[in-house]
Amino acid sequence: MKIQPEKRLALFLLISVGLIWGQTGASGRAADSSTPPTAFPAPTPAALATAARAISGHDPGPSGSSPVTDLLKLLLANVNSTEAMTNMEAMWATDRYFDFARFQETAKHVAEMMRQAGLDDVQIGQGPADGVTQNGFWTQPIAWDAHSATLEIVSPQVPEDMRVLADYQKVPTSLCQWSGPTPPGGLETEIVLRPNDIRNADLKGKLVLGGRISKIDLKQAGALGLVRESRVNPILLDERDWENDFGDNGWAFNKNDTPLVCFSITPRSQQYLHELLKKGPVKVRANVDTRYYEGKYPYVSGVILGTDGAGAEEVLSLGHLYEEGANDNSSGVASILEATATLNRLIKEGKLPRPKRTIRLLAMGERYGTFAYLDAHKDRTRRTIAAMCIDTPAGWQYLAGTQFNWSMNPQSASSFVDAFTVRLAAEYFPMVRRPYLWSEYNRGEYNGGTDDDLGEAMIGIPTTSPHSGHGIPAHHTSFDTPAQVDPKSLRDLAVMNAAYAYFLASAGPEQMHWMAELAVERGYDQINSATANSLDLVTAAKDAASLGHLLYWETARVDYNLARETKAVKQAADLQQELAALASFAAAQKVRIEGAVEERATELHLGTIQPMAPNFGPEAEKIVVRRKRMGALPLDEIPPSQREGFPDSGFWAPTTAALYWCDGKRNLAEVIQNTEMELGPQNNFDWVGYFKFLQRHGYVSFVQQ
């Protein structure tokens, strides 16, 4: 990454002491208060029973000020949470219907919000929605519109309040995204429980009641479709899960996928249906008016132009549109819109200097919209030095589980922005005394994912991202409404995003040097904490084989951490003296580990221990993998039955981590070792077989074999 040095932050460092974080900005609201909000959402008592109790205590944060302290205070005094809430509600009003006609409406609304915020170069891009075109290896979904959909019990006769099981116009999540249509006017059919051997069952023309069921199995059995039971939070008796992954082989719906009908019902309805089915057949009338067509998948962008002009480097803030939830993810887009609007106001008021780099806001469909944007704007992508992706709830702070966890880059793409994000969080969250604290996310334990992996080598945009919770489990459910969004949490996201984007966009050599120093400190922390764990493992070892294994792996881990943290530092500045000291520290940790192994061997009377290197096989040492396209691999062109037992990797997974370590130079043995350093042992996963599978299907090529 190339960043031209320039001193641009003098003005904001001289900001008046009067702009303290507790005051109200000219265009904002009171930044914070220790008193609780005057209006809370009104979840049911049963729902509240699923939320944990509050904790006490606060992280004091770093002592003293830093180059970001005044910026954080200024932003906190000026972010307008009321404006952010209004924008969030407007996005949710159309996105909650989650069809492509509404997507176009949302895009127009968001573009107008950007214009009202004074952003420049506001554009609505149109990616393909044809079920065929690929960006990366992601097949863009075919467009789908929903006009109406109802599911009603015909017999036996039931009370009126239990008769209607689903109505899209009243509760959009009643219908699964990409549900196929029924014949005009609907049809009567029978609801049946999922049979044990569904592939060999006769389900012709019937609706099957159950959780997630393979569409291929339903198709083979001749079923009309699925009535999906709600599983996210059964305590929410009158809420529904949002089914948005109704493709045959993957998440979205491709051109030749099966147009089965799919409804989503409440826990109360599913309990009632189970009771009815114990007594005899249940007939229903299903009426679904939907259509598939080749359309467009819009994305929206706008900028604060940097002083470096049209070809300036960029800092990107991105969030996902086109999801049914207010928290996931209208709040994410609203927070980055408010962050950018606040920066723009402060720049125009002369309270912040215009940054040298351009700050860009991008609102798009998750994964699909991101890759369409990156493919359509390759030159812009090359000039983008960093990003923050916000795809997370802004839940009520008084509920457990709503703390923000900051996800760092994949370790194959470690960056100084990881350390910078951690420092921002360490300063900001104690400043506002959130009742639930922040933490750094352990990506190794995270099996989900989003567009927070853009730092991978074929994209090259270092990206961090917050994760959070709803408090009351409600991810992708009809309970995710504006009433569940906390203005304070929305404010916190906006301030963090604005500070991140502005500081990076403005950074000259002094600021880059400071962030490089943060990365050096992070390097010490990463090496030291890993060594502490290594010493614990050595102390617990019982035999020579365990010690030999640890002697190799734990000393190699020091080298691994040193290499990736050195890379992160150099991305900001080449601090040769500091990096030499870090390397000396790493060498000392290896000596500690070696000494601990020797001491433990003496205690166990084992003699001299030799390091035991892993044996990944001769093929792994010969194969060098070259990737063909950017991004993760959803495998949505390949039916699960033809994947030879290998997983899809559309989101974060060990196979994704391994893919990102493939640089066309490392052999597969090195890739496997780095992956296990990053995520731990992978239980003898067949890595050679997996990459041969990818090669056969054209996802990668082998440089040598």
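Residues numbered from 1 in each chain as written. Predicted model: local features only at pLDDT ≥ 70, side-chain atom pairs only at ≥ 80, totals over all residues. Heavy atoms only, no water.

1. Concerning the overall build of the protein
A tally of regular secondary structure across the protein gives 20 helices and 19 strands. The C-alpha atoms of the protein give a radius of gyration of 27 Å, which matches the 27 Å a tight globule of 705 residues would have. Overall size of the protein, expressed as C-alpha extent along the three principal axes, is 80 × 70 × 50 Å. The buried share of the protein, reckoned over its 705 residues, is 60%. At a minimum sequence separation of 6, the contacts of the protein that also span at least 24 residues come to 81%. When the accessible area of the protein is evaluated, it comes to approximately 27,400 Å², of which 50% is carbon and sulfur surface. Within the protein, one finds 67 positive and 83 negative side-chain charges whose respective centroids are separated by 3 Å. (Helix = DSSP H or I, 4+ residues; strand = E, 2+ residues; numbered from the N terminus. Rg over C-alpha atoms; globule rule 2.2 N^0.38 Å. Buried < 20%, exposed > 50% of the residue type's maximum accessible area, 1.4 Å probe, protein only. Contact = heavy atoms within 4.5 Å. Areas by Shrake-Rupley, 256 points an atom, 1.4 Å probe, with all protein chains shown as cover. Lys, Arg positive; Asp, Glu negative; His and termini not counted. Charge placed at Lys NZ, Arg CZ, Asp CG, Glu CD.)

2. Side note on the environment of His470
With respect to the element layout, His470 can be found in the loop between strand S17 (463-467) and helix H13 (487-506). Using a relative accessible area of 12% as the deciding quantity, one classes His470 as buried. The contact partners of His470, leaving out residues within four places of it in the chain, are Asn327, Pro393, Leu399, Thr402, His475 and Asp480.

3. Some remarks on the state of the cysteines
Per the counting criterion, the structure on display carries 1 disulfide. The disulfide bridge from Cys176 ends at Cys262, spanning 2.3 Å between sulfur atoms. One disulfide, between Cys176 and Cys262, carries an S-S torsion of -50 degrees and so falls in the left-handed class. Here the residue Cys176 occupies a position in the loop between strand S5 (164-167) and strand S6 (187-193), and Cys262 occupies one in strand S9 (residues 261-264), the gap between them amounting to 86 residues. Accessibility assignment for this pair places Cys176 and Cys262 in one class, buried. (Disulfide = S-S within 2.5 Å.)

4. Topic: the sheet that holds S6
Strand order in this open sheet of 7 strands is S5-S4-S10-S6-S7-S8-S9, and the pairing throughout is mixed. Two strands close off the open sheet at either side, each with one partner strand: S5 and S9. Neighbour to neighbour, the strand axes of the sheet diverge by 25 degrees on average, direction disregarded. As defined by bridge partners, S6 adjoins strand S7 (residues 207-210) across 3 bridges and the pair is classed as parallel. The residue bridging Leu193 from the neighbouring strand is Leu209, located in S7. (Pairing = 2+ DSSP bridges. Axes fitted to C-alpha atoms, helices over the stretch in contact; angles between N-to-C directions.)

5. Things to note about the pattern of salt bridges
Applying the stated criterion to the full structure yields 38 salt bridges. Among the ionic pairs, Arg291 bridges to Asp145, the shortest N-O distance being 3.5 Å. Here Asp145 lies in strand S4 (residues 143-155) and Arg291 lies in strand S10 (residues 282-293), a separation of 146 residues in the sequence. A relative accessible area of 45% means that Arg291 is categorised as partly exposed. (Salt bridge = Lys/Arg side-chain N within 4 Å of Asp/Glu carboxyl O.)

6. Considerations on the packing of helix H12 (residues 416-432) against H13
Interaxial distance between H12 and H13 falls to 10 Å at its minimum, and their mutual angle equals 140 degrees. In terms of their interaxial angle, H12 and H13 are classed as oblique. The interaxial crossing formed by H12 with H13 has right-handed handedness. Across the interface between the two elements, Phe416, Val417, Phe420, Thr421, Leu424, Ala425, Tyr428, Phe429 and Val432 of H12 pack against Arg491, Asp492, Val495, Met496, Ala499, Tyr500, Phe503 and Leu504 of H13. (Parallel < 35°, antiparallel > 145°, perpendicular 65-115°, else oblique. Left-handed = near helix turned anticlockwise from the far one by under 90°.)

7. Focus on unusual backbone geometry
Working note: non-glycine residues mostly have negative phi, and peptide bonds are mostly trans. Of note, the bond from Ser155 into Pro156 is cis; its omega dihedral lies within 30 degrees of zero at 5 degrees. Note on placement: Pro156 falls in the loop between S4 and helix H6 (160-163). The omega torsion of the bond from Asp328 to Asn329 falls at 10 degrees, within 30 degrees of zero and hence cis. Among the secondary structure elements, Asn329 is positioned in the loop between strand S12 (314-320) and helix H9 (330-348).

8. As for helix H3 (residues 69-78)
Of all 10 residues in H3, 8 are buried, a share of seventy percent or more. The set of residues buried in H3 consists of Thr69, Leu71, Leu72, Leu74, Leu75, Leu76, Ala77 and Asn78.

9. Some details on the pairing of S9
What you see with S9 is no split at all: Val261 and Phe263 on one side and Cys262 and Ser264 on the other are buried throughout. Judged from the 4 bridges that link them, strand S8 (residues 225-228) and S9 form a sheet pairing that is parallel. Looking across to S9, one finds that Val227 is bridged to Phe263.

10. Let's talk about the side chain of Thr381
Relative to the helices and strands, Thr381 is located in helix H11 (residues 378-382). What Thr381 contacts, discounting residues up to four positions off in sequence, is Leu374, Ile459 and Ile461.

11. Remarks on the sheet that holds strand S1 (residues 120-129)
Taking strand neighbours across the sheet as the criterion, the 8 strands line up as S1-S11-S13-S12-S14-S17-S15-S16 in an open arrangement whose pairing is mixed. A single partner strand is all that each edge strand has here, and the edge strands are S1 and strand S16 (439-440). Note: S12 against strand S13 (residues 358-364), 7 bridges, orientation parallel. What sits directly across from Ser317, in S13, is Leu361.

12. Focus: the confidence of the model for the protein
Mean pLDDT over the protein stands at 91; residues scoring 70 or higher make up 90%. Note that residues 1-58 has pLDDT below 50 and, in this model, 123 contacts with residues that lie over four places away or in other chains. (pLDDT = per-residue confidence, 0-100.)

13. Focus on the packing of aromatic side chains
A full pass over the atoms with the stated rule returns 36 aromatic pairs. On the basis of an interplanar angle of 85 degrees and a centroid distance of 6.4 Å, the ring pair of Phe420 and Trp514 is categorised as edge-to-face. Residue Phe420 is located in helix H12, and its partner Trp514 is located in helix H14 (residues 509-540); the two are separated by 94 residues in the primary sequence. Where Trp687 meets Tyr690, the ring centres are 6.4 Å apart and the plane angle is 85 degrees; that geometry is what we call edge-to-face. With Trp687 and Tyr690 both in helix H20 (residues 687-696) and 3 residues apart, this pair spans about one turn of that helix. Just as Trp687 is buried, Tyr690 falls in that class too. Ring pairs connect the aromatic residues Phe646, Phe685, Trp687, Tyr690, Phe691 and Phe693, which therefore count as one cluster. In this structure, Lys215 is placed above the aromatic ring of Phe246, and the distance from its NZ or CZ to the ring centre is 4.5 Å. (Phe/Tyr/Trp six-rings, centres within 6.5 Å; stacked < 30°, edge-to-face > 60°. Lys NZ or Arg CZ within 6 Å of the ring centre and 35° of its normal.)

14. Observations concerning the packing of helix H18 (residues 654-661) against helix H19 (residues 668-679)
Close contact between H18 and H19 brings their axes to 9 Å; oriented N to C, the two are set at 130 degrees. Classified by the angle between their axes, H18 and H19 sit oblique to one another. Taken as a pair, H18 and H19 cross one another with a handedness that is right-handed. Packed against H18, whose contacting residues are Pro654, Ala657, Ala658 and Trp661, the element H19 presents Val671, Asn674, Thr675, Glu678 and Leu679 at the interface. Per-class residue counts for the contact of H18 with H19 are 6 nonpolar, 2 polar and 1 charged. (Nonpolar A, V, L, I, M, F, W, Y, C, P; charged D, E, K, R; others polar.)

15. Here's the deal with the environment of Gly61
Among the structural elements, Gly61 can be located in the loop between helix H2 (45-48) and H3. On the basis of relative accessibility, which here comes to 25%, the residue Gly61 falls in the partly exposed class. For the pair formed by Gly61 and Pro430, sequence separation is 369 residues and the distance between their alpha carbons is 5.6 Å. Discounting residues that sit within four places of it in the chain, Gly61 has contacts with Ala426 and Pro430.

16. Some words on the environment of Met408
For Met408, the location among the structural elements is in the loop between strand S15 (405-407) and H12. In the structure, Met408 is positioned 88 residues away from His320 in sequence and 19 Å away in space, judged by C-alpha atoms. Residue contacts for Met408: discarding those within four places in its chain leaves Asp418, Thr421, Val422, Glu440, Arg443, Thr463, Thr464 and Arg522.

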